[in-house]
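Notes for the structure review
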Amino acid sequence: MRNTLWVICRTGFGAILLVAVFFSFAFRNGEGKENQNAFGRPASKASPAIVVMELFTSQGCSSCPPADALLAEYAKGNDMRIMPLSFHVDYWDRLGWTDPFSNRMYSERQQWYSSHLPKGSVYTPQLIVNGRNEAIGSNRNTIGKLVQQELKAAAPGEIVIDEITVGKNMINFHYTTNVTTQDAVLNVALIQREATTQIKAGENEGVTLTNHNIVRSFITQPVSKEGTGIVNLPASFKASEYALVLYTQGRKDISITAAVKRELK
């Protein structure tokens, strides 16, 4: 009887071991992928936090240099989670100095934000954080709190730039993302990391300004799980001075859901 019980116990243990080995093998070979996200991570694991800082500024605005300097601090911090962007609007150009980095498209983007944000304001320097919150671009305390607030929250999704090809007049890129909702769009910003300008007219006449992470080209396109895009290059382009930033955003709730930055070399 004792020998019979020992055989049964040994057989039961072997069965349990075989089941454990089977499930281990299944998950290593792709079974159970329903518990993984598009990047092969467990679905329950949150994406890293990201902070996209969009500063609407102008070289013709006397209130903007302090905001430009604060944005530069974040740009020089080299925190890969934080992506400061400097959008130079064009509505100051008529007041004596034409900002060489200004673009009507950036003024229109700021107007688009005003129709969605609670205050509905358009001014310079205006900083918008992750599409959801805005503050005066030189308000260090408020901006610091907003940035830290966003860093504590996991991003809803992720995006990866798989390939970048720099041509004579344009950049081609390929990306993958797990943000594929119908409400989402992909924003693509080509940024110049730093440029210094001597201002010869307008409110900042006689001042030498250094701007950082200047948006030189910007496009918005539909987003898909895997896709490509083309960005036109500005005059006097040098790859070593530029980076490419991709970020997804909702059309209705305007929240930024994923972002990535790649240096060009």
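Report on the accompanying structure. Per chain, residues are indexed from 1 in the order of the written sequence. Totals for whole chains, interfaces and linings use every residue, but because this is a predicted model, local features are given only for residues with pLDDT of at least 70 and side-chain atom pairs only at 80 or more, for both listing and counting. For the side-chain quantities, the full set of heavy atoms in the structure was used; hydrogens and water were omitted.

1. As for the overall build of the protein chain
- Broken down by element type, the protein chain carries four helices and 11 strands.
- A simple rule labels every residue: compare its accessible area, found with a 1.4 Å probe on the protein chains alone, to the largest value its type can have, and call it buried under 20%, exposed over 50%, or partly exposed in between. When each of the 265 residues of the protein chain is scored for burial, the buried share is 46%.
- Whether two residues touch is decided by their heavy atoms; if any such pair falls within 4.5 Å, the residues are in contact. By sequence separation, contacts in the protein chain at least 24 residues apart represent 67% of the contacts at least 6 residues apart.
- Surface exposure here means Shrake-Rupley accessible area, sampled with a 1.4 Å probe, where a residue is shielded only by the protein chains that are shown. Summed over all atoms, the accessible surface of the protein chain reaches about 14300 Å², with 54% contributed by carbon and sulfur. Labels follow the DSSP assignment, with helices taken as runs of H or I lasting at least four residues and strands as runs of E lasting at least two, numbered in each case from the N terminus.

2. Points about the pattern of salt bridges
- By salt bridge we mean one thing: a side-chain nitrogen of Lys or Arg within 4 Å of a carboxyl oxygen of Asp or Glu. For the structure shown, the criterion picks out eight salt bridges.
- Arginine 109 serves as the salt-bridge partner of glutamate 54, at 2.8 Å between the closest nitrogen and oxygen. Taken together, the residues glutamate 54 in strand E1 (residues 51-57) and arginine 109 in helix H3 (residues 104-114) connect sequence positions 55 residues apart. Exposure class is identical for glutamate 54 and arginine 109. Each is buried.
- Arginine 81 is paired through a salt bridge with aspartate 79; the nearest N and O atoms lie 2.8 Å apart.
- Residue classification places arginine 81 among the partly exposed positions, given a relative accessible area of 37%.
- A relative accessible area of 25% means that aspartate 79 is categorised as partly exposed.
- Within the structure, one salt-bridge network assembled from shared partners comprises Arg193, Lys261 and Glu263.

3. Notes on the nonpolar core
- Note on terminology: a nonpolar core comprises buried Ala, Val, Leu, Ile, Met, Phe, Trp, Tyr and Cys residues joined through side-chain atoms within 4.5 Å. Formed by 25 residues in total, the largest nonpolar core has its most connected members in Leu85, Phe87, Val215 and Tyr247.
- Each residue touching phenylalanine 87, except ones within four places of it in the same chain, is listed here: Glu54, Leu55, Phe56, Thr57, Tyr106, Arg109, Val215, Phe218 and Tyr247.
- Core analysis: the next-biggest nonpolar cluster, separate from the first, contains 22 residues, Phe173, Val223, Val231 and Leu233 among them.

4. What about the sheet that holds strand E6 (residues 170-177)?
- Spatially, three strands are ordered E5-E6-E9 in an open sheet, and the strand pairing comes out antiparallel. On the outer flanks of this sheet lie strand E5 (159-166) and strand E9 (226-232), each paired with one strand and no other. Mean inter-strand twist for the sheet, computed between neighbouring axes without regard to direction, equals 20°.
- Sheet topology places E6 next to E9; seven bridges connect them, and they run antiparallel. Across the sheet, the residue bridging to isoleucine 171 is valine 231, located in E9. Paired strands are those between which DSSP finds at least two bridges. A fitted line through C-alpha atoms represents every axis, and for helices the fit uses only the stretch in contact; the resulting angles, taken between N-to-C directions, go from 0 to 180 degrees.

5. Thoughts on empty space enclosed by the protein
- Think of a 1 Å grid over just the protein atoms. A cavity is a set of points where a 1.4 Å probe fits yet cannot get out, a pocket is an open set with protein on both sides within 12 Å along at least five of seven lines, and lining residues have an atom within 4 Å of a point. Grid points are joined across faces, edges and corners, and a volume is the space filled by probe spheres set on the points. Under the defined criterion, the tally for this structure stands at one cavity of 30 Å³ or more.
- Each pocket or cavity is described by its volume, and for the largest cavity that value is around 30 Å³.
- Lining the largest cavity are Met53, Leu55, Ala67, Leu70, Leu71, Tyr74, Leu127, Gly137 and Ile143.
- Those elements that provide at least two residues to the lining of the largest cavity are E1 and helix H2 (65-76).

6. Here we look at the packing of aromatic side chains
- Any two of the Phe, Tyr and Trp rings considered here, Trp counted by its six-membered ring, make a pair once their centres fall within 6.5 Å; the pair's planes then place it as stacked at under 30 degrees, edge-to-face at over 60, or tilted in between. Across all of its chains, the model carries seven aromatic pairs by this definition.
- Each ring, one from phenylalanine 173 and one from tyrosine 175, has its centre 6.4 Å from the other, and the planes form 40°; the classification is tilted.
- An angle of 45° between the planes, with centres 4.7 Å apart, marks the rings of phenylalanine 237 and tyrosine 242 as tilted.
- Taken together, the ring pairs in this structure connect Phe56, Phe87, Tyr106, Trp112, Tyr113 and Phe218 into an aromatic cluster.

7. What about H2?
- Between its first and last C-alpha, H2 extends 16 Å over 12 residues, near the 16 Å set by a 1.5 Å rise per residue.
- Taken residue by residue, H2 has Ala67, Asp68, Leu70, Leu71, Ala72, Tyr74 and Ala75 as its buried positions.
- Elements that come into contact with the buried residues of H2 comprise E1, strand E2 (82-88), strand E3 (126-129), helix H4 (140-151) and strand E8 (208-222). A helix's residues, less one, multiplied by 1.5 Å, set its expected span.

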